[in-house]
There are 2 protein chains.
Amino acid sequence: MDLKQTIILEALRLFSLKGYLSTSIQDIISAAGASKGGFYNHFRSKEELFHAVLDEARRIWRENNLAGLEAIPNPIEKVKKLLANFKDIYLRDTQCLPGGCIFVTLSVELDDQMPDLAHEVNKGFEGLKSMINGLLERGKESGELKAGTDTQAVTEMIFAGLLGATVIYGVDKSSEKLDRTINALLDYLNRLSPDR
Amino acid sequence: MDLKQTIILEALRLFSLKGYLSTSIQDIISAAGASKGGFYNHFRSKEELFHAVLDEARRIWRENNLAGLEAIPNPIEKVKKLLANFKDIYLRDTQCLPGGCIFVTLSVELDDQMPDLAHEVNKGFEGLKSMINGLLERGKESGELKAGTDTQAVTEMIFAGLLGATVIYGVDKSSEKLDRTINALLDYLNRLSPDR
């Protein structure tokens, strides 16, 4: 792996554990086994690194959460697979993200202190919400959801539920509670099927 | 107000904005207009202050979120009032908690870095969950919820939804989106009524 990628991955690990502000460039340099010069060869500032880390975190997010979705024809089944991936793969990926979901960590840390950076994190949240909403809309059109389902309200429930599950799991690391929360979301989604 | 209380309230404001670790005792002393001696007269350490701040935050939480609940006889209506209070009073209380819900901020910040303190925060989460679950159980017994409702799953949905709404509102401070999320939770609860 080249030094740039090593720095990005070590920064990702440190940001996920300690947040952005409490992680110094020196922490990152030490973790990456780099020199100051090596760091500044690749990044002009910590903020430039932040954006590179966010890109990498988004790549990991997609890789983990979208695994297997393409093979599923049915949009509501895709949402269920996303929920299962989130619970079974993404939140449990302690190698890349030892501190849990980096987007929640960074957004809670930065919302008051560095709103511009928090805004960048927020873009990903908006993207996830539109993806869920789009799938629900398609599921409604194809008759997988009851006619008259308020897909926007369902999107809010699923999205808030995912973020909430992330906060809960962050504190107690209880697989049992995580399963219970995500299963409650799946159950909620199942009840919106026209057969129920 | 005495100095001890001033220190607690200024620490509460600062922790809510910057988190626990990034707030120094000096920051708190300056904000409270105190001296180092004045601080250590009341608190042996930042950690002792943490516990006093948590107590005060819990008092504010109860005052805001439980307002008017006692006068409501009906348990499910109590849950709805709690959700409305959370949205209309608690999260918007920018005077005490300019950085939003301090419990979410602290739990996300501390879960990896100071698990013992995060565990203290977590106790409040568990308390809220048992309160919601108890009300749902009573509502089910009195026929306000459909027979067979899985109250534990509903509790998970409401609790995760509240935490998720807090994270979302923290980033974008959008009242409109907050209303939408909490209204989706209320709608979910309404659909569990036997008349639906």
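Refer to the structure presented above.
Residues numbered from 1 in each chain as written. Chains lettered and ligands numbered in written order. Predicted model: local features only at pLDDT ≥ 70, side-chain atom pairs only at ≥ 80, totals over all residues.

> Before we move on, could you go through the overall build of chain A and cite the residues and values that matter?
When helices and strands are counted, chain A shows 9 helices and 0 strands. Starting at the N terminus, the α and β elements of chain A follow one another as α-α-α-α-α-α-α-α-α. Seen along its three principal axes, the alpha-carbon backbone of chain A occupies a region of about 65 × 35 × 30 Å. Looking at the 196 residues of chain A, the share that counts as buried comes to 42%. (Helix = DSSP H or I, 4+ residues; strand = E, 2+ residues; numbered from the N terminus. Buried ≥ 20, exposed ≤ 12 C-beta atoms within 10 Å, placed from the backbone.)

> Give a description of the relation of the copies chain B and chain A that names residues and reports values.
At an RMSD of 0.0 Å, chain B and chain A line up after a rotation of 180° and a shift of 0.0 Å along the axis. The two molecules are tied by a two-fold rotation axis, judged by turn and shift. No C-alpha of chain B lies nearer the rotation axis than that of Gly164(B), which sits 2.1 Å from it. (Least-squares fit on C-alpha atoms with pLDDT ≥ 70 in both.)

> How would you summarise the interface of chain B and chain A if you had to cite specific residues and measurements?
Contacts between the two partners involve 37 residues from chain B and, on the opposite side, 37 residues from chain A. Every element with two or more residues in the side of chain B that touches chain A is listed here: helix H1 (3–18), helix H6 (102–110), helix H7 (115–141), helix H8 (151–172) and helix H9 (175–190) of chain B. Take the side of chain B that touches chain A: its biggest share by element is 15 residues, from H8(B). Broken down by class, the residue content of the side of chain B that touches chain A amounts to 18 nonpolar, 11 polar and 8 charged. (Contact = placed C-beta atoms within 7 Å. Nonpolar A, V, L, I, M, F, W, Y, C, P; charged D, E, K, R; others polar.)

> I'd like to hear about the environment of Lys129(A), residue by residue, with values.
Residue and element names in this part refer to chain A. Along the chain, the position of Lys 129 falls in helix H7 (residues 115–141). What makes Lys 129 partly exposed here is the crowd of 19 C-beta atoms within 10 Å. Taking C-alpha positions, Lys 129 is 20 Å from Gly 100, a pair spaced 29 residues apart along the chain. Excluding residues that lie within four positions of it along the chain, Lys 129 makes contacts with Thr 155 and Phe 159.

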